[in-house]
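One letter stands for each residue in the lines below.
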Amino acid sequence: MKKVTTLLAAGLAAAVGVANAAETITVVSWGGAYTKSQVEAYHKPWMAATGNTVVSEDYNGGLSEVKAQVEAGNVKWDLIDVELSDAIRGCDEGLLEEINIDDFPAGADGTPAADDFLPGTYTDCAVANIVWSTIFAYDSSKMENGPSTIADFFDTANFPGKRGLRKNPKANLEMALMADGVAADEVYSVLETEEGIERAFAKLDSIKGDVVWWEAGAQPPQLLADGEVAMTTAYNGRIFNAVASEDKPFEIVWDGQIWDLDLWVMPKGAPNKEAAMEFMKYSTGTEALAAQASWISYGPARKSSSPLVGSFHNKPELEMAGHMPTAPDNLKNALQNNFDFWADNQDQLNEQFNAWLAQ
Amino acid sequence: MSENNPLVRFKNVQKSYDGKILVVKDLNLDVETGEFLTMLGPSGSGKTTCLMMLAGFEPATHGEIYLNERPINNVPPHKRGIGMVFQNYALFPHMTVAENLAFPLEVRKMSKSEREQRVKRALDMVQLGEFGNRRPAQLSGGQQQRVAVARALVFDPELVLMDEPLGALDKNLREQMQYEIKHIHENLGVTVVYVTHDQSEALTMSNRIAVFNDGVIQQLAPPDDLYERPDNAFVAQFIGENNKLRGSVADIDGEYCVVQTTEGVPIYAMAVNVSQRGDESTLSLRPERVVVNPEPGSVPNIFDAEVLELIYLGDHIRTRVALLGRDDFIIKVPNSADHAFLREGEIVSVGWLQQDCRALDA
Amino acid sequence: MTSTADVIDDKLLQKRLDKAMFNRRLRAFLLVLPILLFLLVVFIIPIGYFLFQGVYDKTFSSIMPQTTEILSEWDATSEPTEEMFAALAVDMVVARENKTIGKVATRVNRDLPGTRSLFTSTARKVSKLEAPFKESIPDVKDKWNDIEVWQAMKTASRKFTPGYYAAALDLKLKSDGSIVRQDEKRRIHMILMKRTLQISFLVTVFCLLLGYPIAYLLATLPTKTSNLLLILVLLPFWTSILVRTTAWIAMLQAQGVVNDLLVFFGITADDARFSLIYNKLGTLIAMTHILLPFMILPLYSVMKGIPPSYVRAAKSLGATNWTAFWRIYAPQTIPGLGAGAILVFIVAIGYYITPALVGGQEGTMISNTIDGHMRQSLNWNLAAALAGVLMIVVLFLYWLYDRIVGIDNMKLG
């Protein structure tokens, strides 16, 4: 009897193994250096380990395609790398599969997953892989005594020159308030009030004439390199890559950084749910996250990954730890993006921001 | 009309488009005031180029063109004051007929009342008085043609050029328009230079015809001369139908000669383009000048011919016979009360007068 | 007698003709049927459905049926009753289970900013609440006592709503059904609409000024040369819009080629370089360049069809070059001009990639906002309304064009 059960189990395992080997999952991410870091740290090792295939697709963020696929009942994607706001909204609107953090493997040091992930980095439908940040940066070859605080960014008298800002109220309003002297932990409560919003816009008004607006993440390093702006807000990974790969003399100012998450989500009715779930677990494991950090300067979402973070993949002398948004020094005056605030106010603030721009 | 003061004079005019080939070779031509002169020739013969040089749309490569004894090589087209009718009429499609006619008057800054008067007169002249408010596209081809003629005349030019103006019309309309244009010419006394490749049109309308070939005028003569007395084989061939016999001159005496065909048969002909014995010659003979069953002795040339084909054409019977080794000899047998009735395969005797047979160049 | 016979014959004849023609028509109809279905499926139905979304929104009413029913009887001014709270609680429990509460929250939040978290956080706890709900629900969030929230829900519960079109016109639908102007600092769509029309108009004018001589040159040169030039005109057409736009950034930016040349020749000082990009000027330059072929090609095809004899005729009739061009040639190019202008204008009015990249704050157009609502805020209803307004504007301009120039007077090629 026992023999029979074992045989049966072996046969099942073999069958599952065969089934797994034939799986091809479609993983969607943001493209560029970021996707490359995922391919190197997640896709390749996982494909080698399981024999499955990962097809990588790029997209420009947002839930519109997911919404279209789910509502049409024709889901093509298995796993998507999204921002926190989209993860929560997609979950609320029933577009995403739910997950249970307790199904995820414990950290390398044995800490259960629920405690190993940084607080707030998993939700009912999503698990974070990295922490990224909106910072501002300048070209140190063109500024001898560069800015050091977020207030300097708004100080065109002492630091003359154009400023690059994303054409979106997000992050700009928070930075404006921090530059105006609001402490990081009070930023969102100030923004909840009408006066707080006025205050933020007033601060933005003070540099409006000097702003070059950008929309795509690739633009800020280019604007800096071309000398179009003296300093610009940017995603920290983009600036780091310009420094590490192209030897640009850019300097990141971490004061007043606003950090956010990228998370894996699975659309409701994903075609290869099982394999995709396996991939999600594998890629958010301690080693995979640590490995990704040697390709791009985004912080791993697991605490247990931090000690394993090494140096840049082709520059052994470039230690990655200090370039992570999660490095203690970089977190001194930092703000976590508040999803709830933006979910509640984004539409209104977008309109107000665009109207302000148009004036 | 003064014989000594031509309205238009081409003097040693040459034209080349590409700097290699001369399209017009050393053209000399006088157009008299009031005459209707036709430039006739196959396409590519240089006739349209001559017209365009006269109108001012193409510069002459060499030589000079005079209008009223004034050189006009450097006068732009709009200052030449020459009316022109184009092949496709070139009526301005966005203007009404009256506006088309008023256009040349407007650019001459004529007063409104005079413009209206003249437009009306011109429309009446071409019997289109009611059509002033129509667009060209609403007119038939013949009506468009008349408007084009009226427009070219409305500003009273001394000279009107017409570039194959009837080419787009069907046969009946074309013949009717030929007469109308001829009557307008006669009534107004305007000088017309007319270009066509249609020889019957040229014969119908012109005072004189210049036959062009290969950039050279082959013959310049009134229509009847051209038809009955072609100067060379090209003209004979191009104007009207023509039987050709080849041979060499056996004897020549002033304007008469005897040409021996390749079969050794002597034919009595007029010496037009031959000068001495032994000259190769093409004999030209109009089909309507061949007589069937001539009285023996009434004509010098009498031969037997086999009837190959009969085509009934109403006013005459076109008869193809085999004669002197050729099977493409055409005879026009008039459909008169006493004409000979022929049957295919029949052997008949045919003949012609010496003066109807012209010995031309080879 | 003969006339009666004629009438009968006529009827018979008519019948025979009808029968004969019916078969032919049927065959013709069956032949075009696939195309008709294709057009219906790929154009008319999707566009119609999308525009329909601008006035139809059943999100709230389908997820919150009980609340919707009770709200329809509420007068929007009196204090909310226990029944209303109870209905809300019941609907919320179901919506929470079905994971649809987020849709409701998003929907109400559009009309009353700040309510999204009110819904989602209350829904998390609502299954544990007990009657009377009039007290237990506001205990979770006291904002539920705010009558504005209930008014916003009443507005959201209408399936057919003019609210999105109102929003697209910078108006606001109030819960009592009246429409008022949007707060001044949120009035953005009319500004963008005007700017979109202005930029599109200017781009059309510039394309015309540049395209006309080029098309004329192409139409008059010998075929061999003109074909080569035509390829040069088309070459940018075959290049990605992103590449072309980026090329203009490299050309026009402060450290770009144009400014470098100006500094090199001493026309401007190194620290006073011109702002040629990231503003309206940059948008106009880049869009004019990108849309130029749309103007040149119809003009070229029309000019190619104008025989030279017209201008010659005009000259022979005594017109100078100038008069011949303006009175005779130019009027005949109007069909191509109209087609080119309409093409450029309509393509320009929907442009958004180029304005987004080089427009800066002055160069944003209405399509950028539509794109934002499609991809980021997921407010497809508002996007549909904005697109609908844009379409109405375009149709109006098209009608205007028909009145002034005449549509049949247009030649696309």
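Residues numbered from 1 in each chain as written. Chains lettered and ligands numbered in written order. Predicted model: local features only at pLDDT ≥ 70, side-chain atom pairs only at ≥ 80, totals over all residues.

Peer 1: I'd like a rundown of the overall build of chain A, residues and numbers included.
Peer 2: Within chain A one finds 14 helices and 12 strands. Its C-alpha atoms give chain A principal-axis dimensions of about 85 × 45 × 35 Å. Of the contacts formed within chain A by residues at least 6 apart in sequence, a portion of 74% connects residues at least 24 apart. (Helix = DSSP H or I, 4+ residues; strand = E, 2+ residues; numbered from the N terminus. Contact = placed C-beta atoms within 7 Å.)

Peer 1: Describe the pairing of strand β1 (residues 8-16) of chain B, and please don't skip the residues or the numbers.
Peer 2: All names here are of chain B. Sheet topology note: the β1/strand β2 (residues 22-31) ladder contains six bridges and is antiparallel. Counted as the bridge partner of Ser16 is Leu22 from β2. For β1 and strand β4 (residues 62-67), the ladder comprises five bridges, and the chain directions are antiparallel. Paired with Gln14 across the strands is His62, a residue of β4. (Pairing = 2+ DSSP bridges.)

Peer 1: Which residues make up the interface of chain C and chain A, and what values go with them?
Peer 2: At the interface, 34 residues of chain C touch 28 residues of chain A. Those elements giving two or more residues to the side of chain C that touches chain A turn out to be α5 (101-111), α6 (116-125), α10 (189-220) and α19 (366-375) of chain C. Of the residues in the side of chain C that touches chain A, the class split is 11 nonpolar, 15 polar and eight charged. (Nonpolar A, V, L, I, M, F, W, Y, C, P; charged D, E, K, R; others polar.)

Peer 1: So what's going on with the interface of chain B and chain C? Residues and values would help.
Peer 2: With 19 residues of chain B at the interface, the matching set in chain C holds 15 residues. Mapped by element, the contributors of at least two residues to the side of chain B that touches chain C are β6 (82-85) and α2 (97-107) of chain B.

Peer 1: Go over the packing of α10(C) against helix α14 (residues 280-304) of chain C with me, naming the residues and quoting the values.
Peer 2: All names here are of chain C. In contact at an axis separation of 6 Å, α10 and α14 are set at 45 degrees when each is read in the N-to-C sense. When the axis of α10 is compared with that of α14, the two are oblique. The chirality of how α10 crosses α14 is right-handed. Looking at the contact of α10 with α14 residue by residue, the classes come out as 22 nonpolar, three polar and two charged. (Axes fitted to C-alpha atoms, helices over the stretch in contact; angles between N-to-C directions. Parallel < 35°, antiparallel > 145°, perpendicular 65-115°, else oblique. Left-handed = near helix turned anticlockwise from the far one by under 90°.)

Peer 1: Tell me about the domain arrangement of chain C, and please be specific about residues and values.
Peer 2: The domain boundaries assigned to chain C delineate domain 1 (60-158) and domain 2 (189-409). The C-alpha-based centres of domain 1 of chain C and domain 2 of chain C are spaced at 51 Å. (Domains from an automatic or database assignment.)

Peer 1: Which residues make up the arrangement of the chains, and what values go with them?
Peer 2: Of all two pairs of chains in contact, the one with the most contacts involves chains A and C. The closest approach of any C-alpha atom in chain A to one in chain B is 45 Å; the two make no contact.

Peer 1: Can you lay out the domain arrangement of chain A for me, pointing to particular residues and giving the numbers?
Peer 2: Residue and element names in this part refer to chain A. Taken domain by domain, chain A holds domain 1 (2-131 + 262-321) and domain 2 (133-258 + 328-358). Taking only C-alpha atoms, the centre of domain 1 and the centre of domain 2 are 30 Å apart. Counting from both sides, the interface comprises 12 residues of domain 1 and, opposite them, nine residues of domain 2. Every element with two or more residues in the side of domain 1 that touches domain 2 is listed here: α2 (32-50), α4 (84-92) and β11 (315-319). For the side of domain 1 that touches domain 2, the element with the highest residue contribution is α4, accounting for four residues. When its residues are assigned to classes, the side of domain 1 that touches domain 2 shows eight nonpolar, two polar and two charged.

Peer 1: I'd like a description of helix α4 (residues 141-153) of chain B, backed by residues and values.
Peer 2: Residues and elements named next belong to chain B. Relative to the 18 Å expected for 13 residues at 1.5 Å per residue, α4 spans 19 Å between its end C-alpha atoms, a close match to the ideal helical length. With 10 of its 13 residues buried, α4 lies for the most part within the structure. Where α4 is concerned, the buried positions are Gln144, Gln145, Arg146, Val147, Ala148, Val149, Ala150, Arg151, Ala152 and Leu153. The elements touched by buried residues of α4 are β6, α2, α3 (112-125), β7 (159-163) and α5 (171-188). (Expected span 1.5 Å × (residues − 1). Buried ≥ 20, exposed ≤ 12 C-beta atoms within 10 Å, placed from the backbone.)

Peer 1: Break down the sheet that holds strand β13 (residues 266-271) of chain B for me, with residues and values.
Peer 2: The five strands are arranged β11-β12-β13-β20-β14 (chain B) in a closed barrel whose pairing can be described as mixed. For this sheet, the mean angle separating the axes of adjacent strands, direction not counted, is 50 degrees.

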